[in-house]
Amino acid sequence: EMENKDDVHQKNDDDQKLKNNKDMQHVIPDITSLANSAHIQTDVPALLEQGVTTKSALEVLDSGDEKWGVFCEKLGLKKGHAARFKRQLKKVMDEVRIEKERIEAAKVPIGYSIRVMVGYFGRSYGSFGTALRISSKKKFIELVFHPGYSSGNGAFRINNLSGYTSNKSMGYVPAPDCYHIFDIKINKSGENEVKIFNEEKKQEFVQKFICKDLFDPSKPPKLAWGHEFRNGTPLELGKESIRASHGEHKMKLMKFDKITKDGINDVDSEKKSSS
């Protein structure tokens, strides 16, 4: 409906807010630009005088033909000008819809990037593996290694994943009594990776693995203790978690990000807690 003359400044502010909106800035023009695009430049003074903005014009158009007709009549728009104005507004509406769909699609994760500090502090090397459990609604796996275990060079394996359950040499003996970084990428494609490294010891091991069922766009995977420590209690961001068996096994979740088409974003806030 028609805005009061006193509301002109407020509506201009609204237009400016729309233009400053990062996502819609290139989609919603100000009313003068819109009128110029519709080739109704001669009607710009009337539009500004009546406090019409792109937003208010879109709202009237969306409310139905009857209100649109009253709106154009009060503005004194000629029939041809009103038709051109309407066509241009519909173009903007389509562009806004497409942009909103793009923005929503960009929020859907295509992967998760996880970093966990993991370590074994003891002397019973190889007696008990240190295991990080990753679970989704459909599947769980456990990333297991044995710091200090020289006979198997760390003896890495992935429990509950066919083709990866046998102990594998890491190419070096991961040091005990310190933390190692587990950098994990869980991808929509099912092509995943864990990189285990210790910068101070200059040790690094990479294992790629295939598992589509770990990825769920609606719910990030849970991280918890694996092996004989399976109790379902998830790791909390920034909090050290300790389990005892043949020494101490320690873990600390350092980051949990979702990867979208637009880049990396923090995962859902409920997974976060103060350190």
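Residues numbered from 1 in each chain as written. Predicted model: local features only at pLDDT ≥ 70, side-chain atom pairs only at ≥ 80, totals over all residues. Heavy atoms only, no water.

A.B. asks: Mind showing me how you'd approach the overall build of the protein chain here?
C.D. replies: For the protein chain, the helix and strand inventory stands at six helices and 11 strands. Every one of the 275 residues in the protein chain was classed for burial, and the buried ones make up 46%. The contacts of the protein chain with a sequence gap of at least 6 include a subset with a gap of at least 24, amounting to 58%. (Helix = DSSP H or I, 4+ residues; strand = E, 2+ residues; numbered from the N terminus. Buried < 20%, exposed > 50% of the residue type's maximum accessible area, 1.4 Å probe, protein only. Contact = heavy atoms within 4.5 Å.)

A.B. asks: Even after reading the chapter, I still don't get the sheet that holds strand β4 (residues 157-159), so can you show me in this structure?
C.D. replies: The strands that make up a sheet pair up through hydrogen bonds in the backbone, lying either parallel or antiparallel. In spatial order, the strands read β4-β3-β2-β8; together these four strands make up an open sheet with antiparallel pairing. The open sheet terminates on both sides in strands that have one partner only, identified here as β4 and β8 (222-225). Taken pair by pair, the neighbouring strands of this sheet meet at an average axis angle of 25°, ignoring direction. Where strand β2 (residues 130-135) meets strand β3 (residues 140-145), six bridges bridge the pair, whose relative direction is antiparallel. (Pairing = 2+ DSSP bridges. Axes fitted to C-alpha atoms, helices over the stretch in contact; angles between N-to-C directions.)

A.B. asks: Would you mind showing me how to read the pattern of salt bridges here?
C.D. replies: Two side chains carrying opposite charge are able to pair once their charged atoms lie near each other. Counted under the stated rule, the structure contains 11 salt bridges. One salt bridge connects Glu101 with Arg97, and the closest N-O pair in it is separated by 3.5 Å. Here Glu101 and its partner Arg97 are both found in helix α6 (residues 79-107), four residues apart, which amounts to about one turn of the helix. Overall, the relative accessible area of 47% leaves Glu101 in the partly exposed class. With a shortest N-O distance of 3.3 Å, Glu142 and Arg133 are connected by a salt bridge. Of the two residues, Glu142 and Arg133, neither departs from the other in class, the shared state being buried. (Salt bridge = Lys/Arg side-chain N within 4 Å of Asp/Glu carboxyl O.)

A.B. asks: Mind showing me how you'd approach the packing of aromatic side chains here?
C.D. replies: Both the distance between ring centres and the angle between the ring planes are used here to describe each pair of aromatic rings. Counted according to the given criterion, the structure contains nine aromatic pairs. A ring pair is formed by Phe121 and Tyr179, whose centres lie 5.8 Å apart and whose planes are at 75°; its orientation type is edge-to-face. Of the two residues, Phe121 is situated in strand β1 (residues 111-121) and Tyr179 in strand β5 (residues 178-187); the sequence distance between them amounts to 58 residues. A connected cluster of aromatic rings, assembled from ring pairs, spans Trp68, Phe71 and Phe85. When the ring centre of Phe140 is taken as reference, the NZ or CZ atom of Arg133 above it lies at 3.8 Å. The ring of Phe197 is capped by Lys195, whose NZ or CZ atom sits 5.2 Å from the centre of that ring. (Phe/Tyr/Trp six-rings, centres within 6.5 Å; stacked < 30°, edge-to-face > 60°. Lys NZ or Arg CZ within 6 Å of the ring centre and 35° of its normal.)

A.B. asks: I tried to follow the pairing of strand β6 (residues 191-198) on my own but got confused; where do I start?
C.D. replies: Note on strand geometry: in a regular strand, side chains alternate between the two faces of the sheet. Where β5 meets β6, five bridges bridge the pair, whose relative direction is antiparallel. By the bridge assignment, Asp183 is partnered in β6 with Lys195. In this antiparallel pair of consecutive strands, β5 and β6, the connection spans three residues, and Gly190 shows a positive phi of 90°. The pairing of β6 with strand β7 (residues 203-210) spans eight bridges and is classified as antiparallel. Of the residues in β7, the one forming a bridge with Asn192 is Phe209. Linking β6 to β7, which pair antiparallel, is a turn of four residues; within it Lys202 sits at a positive phi near 55°.

These figures capture arrangement, not role.
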